[in-house]
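# Working through the structure, step by step
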Number of protein chains: 2
Amino acid sequence: MSHTYEFPRPALAVDCVVFAIDEGALKVLLVQRGAEPFASDWALPGGFVRLEETTDQAALRELREETGLSQVFLEQLYTFSSLERDPRERVVSVAHYALVRPAAVQGGTDASQARWFALSEVPPLAFDHDGILTMALERLRGKVRYQPLGFELLPPKFTLGQLQRLYEAILGRELDKRNFRRAFLRMGILEELDEMQDNVSHRPSRLYRFHRAEYKRLVKRGFNFEI
Amino acid sequence: MSHTYEFPRPALAVDCVVFAIDEGALKVLLVQRGAEPFASDWALPGGFVRLEETTDQAALRELREETGLSQVFLEQLYTFSSLERDPRERVVSVAHYALVRPAAVQGGTDASQARWFALSEVPPLAFDHDGILTMALERLRGKVRYQPLGFELLPPKFTLGQLQRLYEAILGRELDKRNFRRAFLRMGILEELDEMQDNVSHRPSRLYRFHRAEYKRLVKRGFNFEI
């Protein structure tokens, strides 16, 4: 590290890619910009980092201010620093991403300018946000291959069909039912309950829950989920 | 993103964790600091980001200036932003990491203040660099589990013993020879040559080379290497 710092410094920002699954589709939370540049365009929620906060704290604050969402478990994605990404001045952005419960979608947001978009309906975004969204999506889809997923997203008791639809929504494609079930059961993190669904119009399916300790262990250890 | 930016801004820096394997041990490249803070302590090479460069470019420039290393393939690791990480002022650092060929170690560095340290001999580092090094090591060791490794690090023709020692140096533990070979051969990226080592004092071993296309495919696709 240099000992003095006399250069003008880039501004530092954060951006947030928040995904949720709603009606079987992966959605992303966007805000409509009010001012230039990119006025009235849609963008990822985000903003500048203040001196008294970490980048994680800045991301959570901006998300709360701009979308009303709170208590989101954000993970750092990547820091974007290309020279032309903001027409105003040099801005480096630390991007974050999260996958939240569908309840957060149905509840809507406090911010009138924030809206959930199905991936297929995302308009061209401001700044380099298309690229940030693409990387977040790749990261999420990659993660499904080496970590189990669903613990924070499904109700405590769920059917294998619900679990499969969760994966299908994230991966954006249909999965073979038998292969999916076989591969998932092999992980050893599902507990078959002596209970069936009720209040359903179709034939009730068996309920499962995650074996919490095994699930956590597998998150840590990783695996290769060939789906 | 906010529309105006009136707050004082954090400084933006980069740091580089450069690993190499030398004499069967994983080593890391450090520089000794000349000035306060942490004067005479060892630290990761790094420095402040200039307005006209990306964070990747800043990392390569600092690495060249401080250690003489060039043409290193750096990957972004994580952005560190805790409030107290630099006693001078608020500095956010985008950390990078790389694993380079042993030749880079033997060649030494141009910078008199730069030195390679075996992991077991790394002194307490300046700033939060111990934490950055720990995360880089976890990332490198994690990567071995889902990507093949060795293409850029071994000579074009190598023995299975050399390959195993590379993995052992990175993982910091001995591996079972039969299990390692079986697991590695199963990847389908090794081509057995009709050639043996020469100029060795022990019984010559068979030479192998990587099947380039399959190797690249596996880097992209990922797998689970249970070692």
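Residues numbered from 1 in each chain as written. Chains lettered and ligands numbered in written order. Predicted model: local features only at pLDDT ≥ 70, side-chain atom pairs only at ≥ 80, totals over all residues. Heavy atoms only, no water.

All names here are of chain A. Along its sequence, chain A is carved into domain 1 (11–145) and domain 2 (148–221). Taking the mean C-alpha position of each, domain 1 and domain 2 sit 28 Å from one another. With 11 residues of domain 1 at the interface, the matching set in domain 2 holds 12 residues. Together domain 1 and domain 2 conceal approximately 960 Å² of surface at their shared face, both sides included; 69% is due to carbon and sulfur atoms. If you sort the residues of domain 1 by the area they bury against domain 2, Arg-101, Arg-141 and Val-144 come out on top, with a joint share of 52%. Across the domain 1-domain 2 interface, the total number found is zero salt bridges. For the pair domain 1 and domain 2, the number of links is two residue pairs in polar contact (both at pLDDT 80 or more). (Domains from an automatic or database assignment. Contact = heavy atoms within 4.5 Å. Buried area = accessible area lost by both parts, 1.4 Å probe. Salt bridge = Lys/Arg side-chain N within 4 Å of Asp/Glu carboxyl O. Polar contact = N/O pair within 3.5 Å; in protein donor to acceptor, adjacent residues only side chain to side chain.)

Moving on, we come to the side chain of His-96 of chain B. Turning to its location among the elements, His-96 of chain B is positioned in strand β6 (residues 91–100). Aside from chain neighbours lying at most four places away, what touches His-96 of chain B is Val-14, Asp-15, Cys-16, Val-17, Thr-55, Asp-56, Ala-59, Leu-74, Glu-75, Gln-76 and Leu-77 of chain B. (Helix = DSSP H or I, 4+ residues; strand = E, 2+ residues; numbered from the N terminus.)

Residue and element names in this part refer to chain A. All buried positions along helix α5 (residues 177–186) are accounted for by Phe-180, Ala-183 and Phe-184. Within α5, the buried residues cover an arc of 95° as seen down the axis, which keeps them to one side. Exposed and facing more than 90 degrees away from the buried side of α5 are Arg-178 and Arg-186. Elements that come into contact with the buried residues of α5 comprise α4 (160–171), β8 (190–196) and β9 (206–210). At the N-terminal boundary of α5, the capping side chain belongs to Asp-176, with an oxygen 3.3 Å from the backbone nitrogen of Arg-178. Positive phi appears at Gly-188, one or two residues downstream of α5, with a value of about 75°. (Buried < 20%, exposed > 50% of the residue type's maximum accessible area, 1.4 Å probe, protein only. Arc of directions from axis to C-beta.)

In this section: the packing of aromatic side chains. Residues and elements named next belong to chain A. Applying the stated criterion across every chain, the model contains 29 aromatic pairs over all chains. For the pair Phe-180 and Phe-184, a centre-to-centre distance of 5.6 Å together with 40° between the ring planes defines the contact as tilted. Here Phe-180 and its partner Phe-184 are both found in helix α5, four residues apart, which amounts to about one turn of the helix. Among the aromatic residues, those joined into a ring-pair cluster are Phe-151, Phe-158, Tyr-167, Phe-180, Phe-184, Phe-210, Tyr-215 and Phe-225. A cation sits over an aromatic face here: Arg-115 above Phe-117, 4.1 Å from the ring centre. (Phe/Tyr/Trp six-rings, centres within 6.5 Å; stacked < 30°, edge-to-face > 60°. Lys NZ or Arg CZ within 6 Å of the ring centre and 35° of its normal.)

Residue and element names in this part refer to chain A. Within strand β1 (residues 11–22), 12 of the 12 residues are buried, leaving the element largely enclosed by the surrounding structure. Judged by which residues are buried, β1 turns out to be covered on both faces: Ala-11, Ala-13, Asp-15, Val-17, Phe-19 and Ile-21 on one side and Leu-12, Val-14, Cys-16, Val-18, Ala-20 and Asp-22 on the other are all buried. One ladder, built from 10 bridges, connects β1 with strand β6 (residues 91–100); its direction is parallel. Residue pairing in the sheet places Phe-19 in a bridge with Leu-99 of β6. Here β1 runs beside strand β4 (residues 46–48); their pairing, made up of three bridges, is antiparallel. Counterpart to Asp-15 in the pairing with β4 is Gly-46. (Pairing = 2+ DSSP bridges.)

Looking now at the confidence of the model for chain A. Residue and element names in this part refer to chain A. When pLDDT is averaged across chain A, the result is 90; 93% of the residues are at 70 or more. Within chain A, the lowest mean pLDDT, 63, falls on helix α2 (residues 102–106), and the highest, 98, falls on strand β5 (residues 75–80). Scoring of the predicted complex yields 0.90 for pTM and 0.88 for ipTM. (pLDDT = per-residue confidence, 0-100.)

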